[in-house]
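Listed below, chain by chain, are the residues.
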Amino acid sequence: MASKLTTSNRAGWAFALPGFGLIALFIVIPFFFAFYLSLTNQRLISPNPTEFVGLKNYDSLLSIGVLTIEPERDDAGAIVRGADGAPEYPRVRSYTRGNPDYPQFDGMQEWFRWQSGDTAKVVVASDVVFWKSLWNTVKFVIVVAPVQAGLALGLALLINQRLRGINVYRAIYFMPVVVSIVVVSLLWRFLYSPDNGLLNNMLQGLSFGLFEPRDWLGNPDTALGSIMAMSIWQAVGFHMVIWLAGLQTISPSLYEASSIEGASKWQTFRYVTWPGLRNTAVLVLIVITMQAFALFAQIDVMTNGGPLDSTTTLVFQTVERGYGKQDISGGATISVILFLLVLSISLIQRFLTRER
C-alpha cells in the first residue's frame, strides 16, 4: 500500500514539475531580477558603470507629502486677493526648491490641492507621473472589475438556456475577445474621433443636433472613462464564458427543488445560483483584476498616456521608462511595486471571498 502511495506521489510531482518550472521561469526569476535592477542605477545604454543605490529608486517614486500654504498678506496683514476674490498664494516652487525651512519637500512637484478655509493644502510628490499612473490604474480596476464581472454574469445567465440559435448569440458575445486588442483599440479610436466619429454622430442624431461633438480621447475628463468603456466591451465575452462554465456545473435538481418550493427567480438566484458560483466568482474577480492592472495596449494605441497624463498607467510607465527613456532601474522599480500590489489585492480578494 505504501509503495502504491509513493508511486502515486511521484507521478503527481512529475506532472506538476513542468508547471512549477514555468512559474519559476516566468514569474519568480523575473521578479527577483527586476528587484535586483531596482536597487541599481542601471540604464539601457550608458557609458557609466552600474552602481548599487539601495532603496533610492523606491524613495524617489514613493515620496509624497502635504504642504500647507498660507495666503499672501499685505503690509497691514490683510489677505491679498485676486480679481475673482480668491486668496493669492506663494508659488509651490518657493517651498520645494532649496528652502531650508522645508527640506523634506525639496525637489518635489505639485500633484493637486484643495482649500481648507483660506489655507491651501498642496499634495506634493517626488514623482507626480508615477502617482498619477497609480491612481489611474486603481480607478480603472475599481470601475472595470465589478462592471465587467456583472455584465458578464448577466450575459451568461441570458445565454444559459436551451433555445434555438443560442450558440449564435454566444459566438457574437465572444467575438470581440478573439480580435486583437490593437485592432479593437484602433477601431474604437475611430469611433471616438471628434471629426465625424460614429459616437458623436450617433449622439447628435439621437439629440436632433443638440449634442456638441466631443474629443473623447483628447479631454482629460473623458479619456480614461472612454478607455474603460472600450475595455469592458472587449473582454466581457471572455468572462461570460467562465461564468457560463460555472453555471453548467450547478445541478439541475437544485433548480427543480426551488421550483417545487415556489421560489421566485430572485430567490432562486440568491440561494441556488450564486452559492454555486462562489468559486467561479473568485476566479473571475482575480482574472479581471490582473488584466485591469496590466492595462497597456489600449493606452499605447489610443492616447499614449495623455492628455496631461490622465490615462497613463503603471504598466505603461514601466515600458515608457524602461525602454522609451532607457531607465531600466526605474522601470524595474515600478514593475516590482506593481507585482506586490497585484499580489496583495489578489490575496485580499481570496480572503474576503473564502468559504466560511
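Definitions and cut-offs
Residues numbered from 1 in each chain as written. Predicted model: local features only at pLDDT ≥ 70, side-chain atom pairs only at ≥ 80, totals over all residues. Heavy atoms only, no water. Helix = DSSP H or I, 4+ residues; strand = E, 2+ residues; numbered from the N terminus. Expected span 1.5 Å × (residues − 1). Bend = angle between axes of the 7 residues up to and from the residue. Pairing = 2+ DSSP bridges. Axes fitted to C-alpha atoms, helices over the stretch in contact; angles between N-to-C directions. Contact = heavy atoms within 4.5 Å. Salt bridge = Lys/Arg side-chain N within 4 Å of Asp/Glu carboxyl O. Buried < 20%, exposed > 50% of the residue type's maximum accessible area, 1.4 Å probe, protein only.

A. Representation of helix H5 (residues 166–178) within the structure. Between its terminal C-alpha atoms H5 stretches 19 Å, which fits the 18 Å expected from 13 residues at 1.5 Å a residue. At isoleucine 172, H5 shows its maximal bend, which comes to roughly 30°, and the proline proline 176 appears one to four places after that position.

B. Spatial organisation of the pairing of strand S2 (residues 109–116). The pairing of S2 with strand S3 (residues 119–125) spans seven bridges and is antiparallel. Paired with phenylalanine 112 across the two strands is valine 123, which belongs to S3. Joining the antiparallel neighbours S2 and S3 is a turn of two residues, in which glycine 117 adopts a positive phi near 75°.

C. Layout of the sheet that holds S2. Reading across the sheet, the three strands line up as S1-S3-S2 and stay open at both edges, with antiparallel pairing between neighbours. Since the sheet does not close on itself, it has two edges, and those belong to strand S1 (64–69) and S2, each with one partner. Each strand axis lies, on average, 25° off the axis of its neighbour in the sheet, ignoring direction. In the packing of helix H4 (residues 128–159) onto the sheet, contacts are made with S1, S2 and S3, and the angle to S2 comes to roughly 65°.

D. Region of the structure containing the environment of aspartate 118. You can see aspartate 118 is positioned in the loop between S2 and S3. Setting aside chain neighbours within four positions, we find aspartate 118 in contact with Pro71, Ile79, Arg81, Pro87 and Tyr89.

E. Spatial organisation of the pattern of salt bridges. Summed over all chains, the structure comprises three salt bridges. Close ionic contact of aspartate 118 with arginine 81 constitutes a salt bridge, the shortest N to O distance being 3.9 Å. One end of the pair, aspartate 118, is in the loop between S2 and S3; the other, arginine 81, is in the loop between S1 and helix H3 (93–96), and 37 residues separate them in sequence. Looking at aspartate 118, the relative accessible area reads 34%, which means it is partly exposed. For aspartate 127, the salt bridge identified is with arginine 321, shortest N-O distance 2.6 Å. Separated by 194 residues along the polypeptide, aspartate 127 in the loop between S3 and H4 and arginine 321 in helix H13 (residues 314–324) bring together distant segments of the chain. Each member of the pair, aspartate 127 together with arginine 321, is buried.

These values are about where atoms sit, not about what they do.
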